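Understanding the architecture of this molecule
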Amino acid sequence: MAAQLDAKDAKPPYAFKRVDAYDGGIGAFATRDLKRGEVILHEPPLVTATMATLEQRVAALDEKTRKRLFSLCDWRAERAKTQKTE
């Protein structure tokens, strides 16, 4: 899932572009010179929790947000699982 730009802070031309990598991943490449400390992407967290409250906080998420959270994974690990079962 690609990150979403915060609409109130995003002003074209964007400072980076998303590129699909040859190995199945994604990358972000600068489209212009960046200033030190410049914010180029801002997105709110899907969930904030401590280890003690994580399970409870995830359970309290709506279904759409929970699916987004669980879609964040190590794509290499998922690909390795698929290759083992083929």
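I will try to describe carefully the structure that is included in this document. In this text, all values refer to a predicted model and were calculated from it rather than measured experimentally. (Residues numbered from 1 in each chain as written. Predicted model: local features only at pLDDT ≥ 70, side-chain atom pairs only at ≥ 80, totals over all residues. Heavy atoms only, no water.)

As for the overall build of the protein
Operational definition: Numbering of helices and strands runs from the N terminus, with a helix taken as a DSSP run of H or I at least four residues long and a strand as a DSSP run of E at least two residues long. Buried residues are those whose accessible area, probed at 1.4 Å on protein chains only, stays under 20% of the maximum for their type, while exposed residues exceed 50% and partly exposed ones sit between those limits. Throughout, a residue-residue contact means that at least one pair of heavy atoms, one from each residue, lies within 4.5 Å. Note on areas: these come from Shrake-Rupley sampling with a 1.4 Å probe, and a residue is covered only by the protein chains present in the view.
What the protein contains, in helices and strands, is three helices and two strands. If you list the helices and strands of the protein from N to C, you get β-β-α-α-α. Scored against the burial criterion, the 86 residues of the protein give a buried share of 8%. Considering only intrachain contacts with a sequence separation of at least 6, the fraction spanning at least 24 residues in the protein is 35%. Put simply, the protein shows about 7,700 Å² of open surface, and 55% of that area lies on carbon and sulfur atoms.

Description of a nonpolar patch on the surface
Our working rule: Patch definition: residues with relative accessible area over 30% and no salt bridge; like charges joined within 9 Å; nonpolar side chains (Val, Leu, Ile, Met, Phe, Trp, Tyr) joined within 5 Å. For salt bridges, the criterion is a side-chain nitrogen of Lys or Arg within 4 Å of an Asp or Glu carboxyl oxygen.
There is a patch of nonpolar side chains on the surface, built from Leu34, Ile40 and Leu41 and spanning about 220 Å² of accessible area. Of note, Leu34 is situated in the loop between β2 (26–30) and α1 (54–59).

Here we look at the environment of Ala28
One can find Ala28 in strand β2. Filtering out sequence-adjacent residues up to four positions away, Ala28 remains in contact with Phe16 and Lys17.

Let's talk about the pattern of salt bridges
In this structure the tally under the stated criterion is three salt bridges. Here Asp20 makes a salt bridge to Arg18, at a shortest N to O gap of 3.2 Å. Its relative accessible area of 47% is what places Arg18 among the partly exposed residues. With a closest N to O distance of 3.3 Å, Lys67 and Glu63 form a salt bridge. Linking Lys67 with Glu63, this pair stays in helix α2 (residues 63–71), spanning four residues, or about one helical turn. Glu63 carries the same exposure label as Lys67, and that label is exposed.

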